[in-house]
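Residues per chain are reported as follows:
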Amino acid sequence: MLTLSLLLLPVCGALISFFSEKPAVARWVLMITATGYTAICAVLPIHPDQLHLTETLTLAADPAGFVVLAATAILFLPVSVYNFFWMPRDLEKNAAHLGMKPSTFAAILMIFVSTMTLTTLAQDFGMLWVAVEATTLASAPLINYHRSKGSLEAMWKYLLICSIGIGLALFGTMLLSASLNFASASFGFAAVKRLTAHGFFNPAWFKAGFVLCFAGYALKMGLAPFHTWLPDAHSEAPVPVSAMLSGSLLNCALLALLRLNDIVPSDLEGFAAGYFKFFGFFSLAVAAFFIIRQKDYKRMLAYSSVEHMGLIALLIGFAAMDYAMLHIISHSLIKMSLFLLAGNILLSYGTRETALVKGLSGRLPGTAAFWLTGILFICGTPPSPLFFTELVLVKEAGIAAGSAILALLLVIFCGMSQIALKMYAPDKNIGADPAGDKLCRIPAIALAAVSALGIAVAWNMIG
Amino acid sequence: MNQMNELFLGIFLCSCLMLAVSSRLLHCIRIVALQGVLLGIMPVTLAIGHGDIHWSVMIINLSLKGIILPCLLYRTMLKAGVKRELEPVIGYSLSAGVVLALILFSFFISGRLSLPAGASDLAGLAVPCSFAVVMTGLFTVIARKKALTQVIGFLVFENGITLFGAAVMREHPLIVELGILLDVLVLVFIMGISVFQISREFSHIDADRLNSLKEEAR
């Protein structure tokens with residue numbers, strides 16, 4: 001029952017919000033829905049609560065899915081609270097060029113959360129594909145909330161590129177199904193894993209299916225060289241959506257790759273790990289290259305997401321699953337805080353160009369302090385948990401690969417902190433904007449939670 | 001019945017070649033509709049002699065892919081006010097050559113893949129055909145400029161995947177099948193709206209001119 005209510009609660013909220021047509025109602029409904037959603041997630045037991053759609057098709061939360069579900073829930077609540085205060089201020093400034101009503105926006109946002117929930121609960125490849133494609137469809141209109149040529153272009157690229165990518169994943173899914181010689185009655189993860197573990201599969205078809213599925217879901221996850229749509233979509237979207245896209249949606253695509261990695265039989269493990277390592281490392285390199293010459297702070301955050309997806313893929317490639325999960329949760333929280341802080345800056349300065357953001361420490365002191373903290377955290381400065389996951393990754397990777405990863409991380413650290421420091425630097429000509437600074441408390445709480453998590457991890461590692 | 005299915009597969013290949021050479025968007029939409037109708041009928045003709053026929057799936061498939069999607073495309077075409085693809089990235093005669101090469105290539109590849117045991121009798125022909133349709137769809141997305149033609153290319157791509165599913169493997173569970181159809185329907189709906197918005201904002205729907213968002217431009 002809990003599983004079903006988790007799926008249906010956001011849909012009910014969306015209906016209320018859509019038909020109310022009032023921004024005030026939509027804000028309240030969004031916040032109440034998010035609170036309920038998080039509460040249900042907190043009490044959701046991991047295995048027993050299964051929802052049987054048919055005899056062979058079930059929805060349930062397993063450990064890997066639960067981590068991604070938890071990451072979605074702990075993002076949804078702060079984002080909706082932020083949205084509660086952000087929406088009226090945004091309406092003041094941008095009411096003239098909205099692509100849709102604020103109530104419709106809130107409704108689509110809730111549908112989007114529902115589709116992500118379905119992704120985490122799906123227990124077979126068919127349902128997983130349907131859910132991942134649905135996340136694309138539900139999130140695409142949100143990018144165009146502030147109507148402009150740029151956002152329209154970003155939405156079009158996102159729709160077309162992601163749909164084709166996910167189409168490839170559907171083709172790959174069918175090839176995988178064919179590779180099993182149609183032996184399985186269902187296409188659930190557990191059943192497929194049993195078959196491949198016993199060698200009941202056709203290797204050529206399995207490899208072809210794996211490659212297509214990998215390419216499709218890696219595209220959705222933003223691994224380079226399939227990342228081209230990501231910076232556009234994540235920078236053009238309004239901030240609450242950017243936070244959800246970077247913090248939650250990428251994880252859902254990642255979960256699909258984890259499911260895929262899970263069914264790989266032991267004699268093909270090297271083959272699969274090679275893909276994760278290569279594309280992970282490539283993403284890291286591409287992100288480093290684009291971050292150092294970045295002129296737009298939201299795009300910088302988007303490229304940082306590409307970097308972290310690469311790091312998670314590397315962690316999976318080196319079979320450090322627990323640390324990959326830790327990385328997922330911490331990256332989601334920090335990236336959400338950074339996007340929400342970027343929203344404050346955007347509202348106050350009205351530009352996304354770093355060169356035009358001057359004297360942040362004087363104008364928005366709270367936001368500026370947490371912005372700097374967040375940037376340091378996302379680059380893996382202790383007590384951020386990312387420090388420990390990156391440490392483990394470098395250790396697992398060995399001397400040559402490890403030092404290459406470290407060098408790229410250093411480049412990214414230099415690039416991001418240089419941009420952040422330039423924005424932070426005091427400027428006497430800039431006056432304070434106390435009203436714009438009020439919204440920095442929610443990201444601050446998230447950052448505090450992340451540092452607590454990091455200290456706990458450190459404690460665990462020493463002890 | 002097998003001869004009839006082979007005929008259908010032949011029509012599929014012909015429709016790919018026709019798509020490559022037609023410049024009128026209405027023509028392209030008709031080709032998509034034709035493929036949709038064939039995809040609606042094929043599960044039934046395949047199942048004759050094998051027992052259970054899913055009439056509900058057939059009716060939904062036929063009405064969605066054969067009627068509703070083409071109608072949505074047609075409406076978008078009227079609203080956006082475009083009739084022809086005037087300057088494609090790759091010319092029409094060259095496109096025909098490329099699609100022909102893609103068809104040959106897919107027969108070459110599938111000749112080297114051993115068919116999975118338990119596949120239907122038709123699989124030997126259906127595998128290369130579906131590969132060819134998938135690649136033609138992708139080629140159309142790359143080789144044409146208009147956003148609407150790219151949507152058509154995507155639908156052909158998706159038809160190829162469905163063809164593979166219908167002719168080679170056993171069906172997905174019904175809910176998944178319906179979920180896939182629903183996704184495609186919503187996708188075409190949203191894409192239709194955005195094509196219309198693009199035509200209003202930019203006064204053209206050339207997707208290759210949607211290029212303001214890149215690193216150098218900033």
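Here, the structure is the one placed above.
About the criteria used
Residues numbered from 1 in each chain as written. Chains lettered and ligands numbered in written order. Predicted model: local features only at pLDDT ≥ 70, side-chain atom pairs only at ≥ 80, totals over all residues. Heavy atoms only, no water. 1 Å grid on protein atoms, 1.4 Å probe; cavity = no way out; pocket = protein on both sides within 12 Å on 5 of 7 lines; lining within 4 Å. Points joined across faces, edges and corners; volume = space filled by probe spheres on them. Helix = DSSP H or I, 4+ residues; strand = E, 2+ residues; numbered from the N terminus. Nonpolar A, V, L, I, M, F, W, Y, C, P; charged D, E, K, R; others polar. Patch = residues over 30% accessible without salt bridge, like charges linked within 9 Å, V, L, I, M, F, W, Y side chains within 5 Å. Areas by Shrake-Rupley, 256 points an atom, 1.4 Å probe, with all protein chains shown as cover. Salt bridge = Lys/Arg side-chain N within 4 Å of Asp/Glu carboxyl O. Lys, Arg positive; Asp, Glu negative; His and termini not counted. Charge placed at Lys NZ, Arg CZ, Asp CG, Glu CD. Buried < 20%, exposed > 50% of the residue type's maximum accessible area, 1.4 Å probe, protein only. Contact = heavy atoms within 4.5 Å. Buried area = accessible area lost by both parts, 1.4 Å probe. Expected span 1.5 Å × (residues − 1). Axes fitted to C-alpha atoms, helices over the stretch in contact; angles between N-to-C directions. Parallel < 35°, antiparallel > 145°, perpendicular 65-115°, else oblique. Left-handed = near helix turned anticlockwise from the far one by under 90°.

A. Structural view of the layout of surface pockets. The computed volume of the second largest pocket comes to approximately 1,100 Å³. I111, L137 and A138 of chain A together with V186 and I190 of chain B are, among the 37 residues lining the second largest pocket, the residues nearest its centre. Those elements that provide at least two residues to the lining of the second largest pocket are α1 (2-20), α4 (102-121) and α5 (125-143) of chain A together with α7 (174-202) of chain B. Considering every element that reaches the lining of the second largest pocket, the biggest residue donor is α7 of chain B, with ten residues. For the lining of the second largest pocket, the per-class residue count stands at 28 nonpolar, eight polar and one charged.

B. Expanded view of empty space enclosed by the protein. In total, this model carries two cavities of 30 Å³ or more according to the counting rule given. Within this model, the largest cavity holds a volume of roughly 50 Å³. Together, W129, E133, S163, G167 and L170 of chain A together with F154, F157, E158, I161, V184 and L187 of chain B line the largest cavity. Looking at the lining of the largest cavity, the elements with two or more residues in it are α5 and α6 (149-179) of chain A together with α6 (147-167) and α7 of chain B. Residue contributions to the lining of the largest cavity peak at four residues, all from α6 of chain B. Of the residues belonging to the lining of the largest cavity, the class tally is seven nonpolar, two polar and two charged.

C. Region of the structure containing a positive patch on the surface. Residues and elements named next belong to chain B. On the surface, a cluster of positive charge is contributed by R24, R30, K83 and R84. Inspection of the secondary structure assignment puts R30 in helix α2 (residues 25-47). Using a relative accessible area of 52% as the deciding quantity, one classes R30 as exposed.

D. Just the interface of chain A and chain B, in detail. Contact residues are listed per partner, giving 51 residues for chain A and 50 residues for chain B. Contact between chain A and chain B buries roughly 4,500 Å² in total, counting both sides, with carbon and sulfur atoms accounting for 73%. Along the contact surface separating chain A from chain B lie one salt bridge. Put simply, E201 of chain B and R147 of chain A hold a salt bridge, and the shortest N to O gap is 3.4 Å. The element that contributes the greatest number of residues to the side of chain A that touches chain B is α6 of chain A, accounting for 20 residues. Looking at the side of chain A that touches chain B residue by residue, the class counts come to 27 nonpolar, twelve polar and twelve charged.

E. Representation of α6 of chain A within the structure. With 31 residues, α6 of chain A extends 45 Å from end C-alpha to end C-alpha; this agrees with the ideal 45 Å at 1.5 Å per step. Within α6 of chain A, 27 of the 31 residues are buried, which leaves it mostly tucked inside the rest of the structure.

F. Layout of unusual backbone geometry. All names here are of chain A. Following A224, the chain continues to P225 via a peptide bond in cis, the omega torsion being 0°. Here P225 is to be found in the loop between α8 (203-221) and α9 (229-236). A cis geometry characterises the amide bond from P382 onward to P383, with omega recorded as 10°. Considering the arrangement of structural elements, one finds P383 in the loop between α15 (365-378) and α16 (385-397). Non-glycine residue E21 carries a positive phi angle of around 60°. Looking at the element boundaries, E21 is found in the loop between α1 and α2 (23-43).

G. Focus on the packing of helix α1 (residues 2-21) of chain B against helix α4 (residues 92-112) of chain B. Residue and element names in this part refer to chain B. Viewed as axis vectors pointing N to C, α1 and α4 meet at an angle of 155°, and their least axial separation amounts to 7 Å. Taken as axis vectors, α1 and α4 run roughly antiparallel relative to one another. Here α1 and α4 pass one another in a crossing that is right-handed. Contacts between α1 and α4 pair L13, C16, L17, A20 and V21 from the former with Y92, S95, A96, V99, L100, I103 and F107 from the latter. Split into classes, the residues belonging to the contact of α1 with α4 amount to eleven nonpolar, one polar and no charged.

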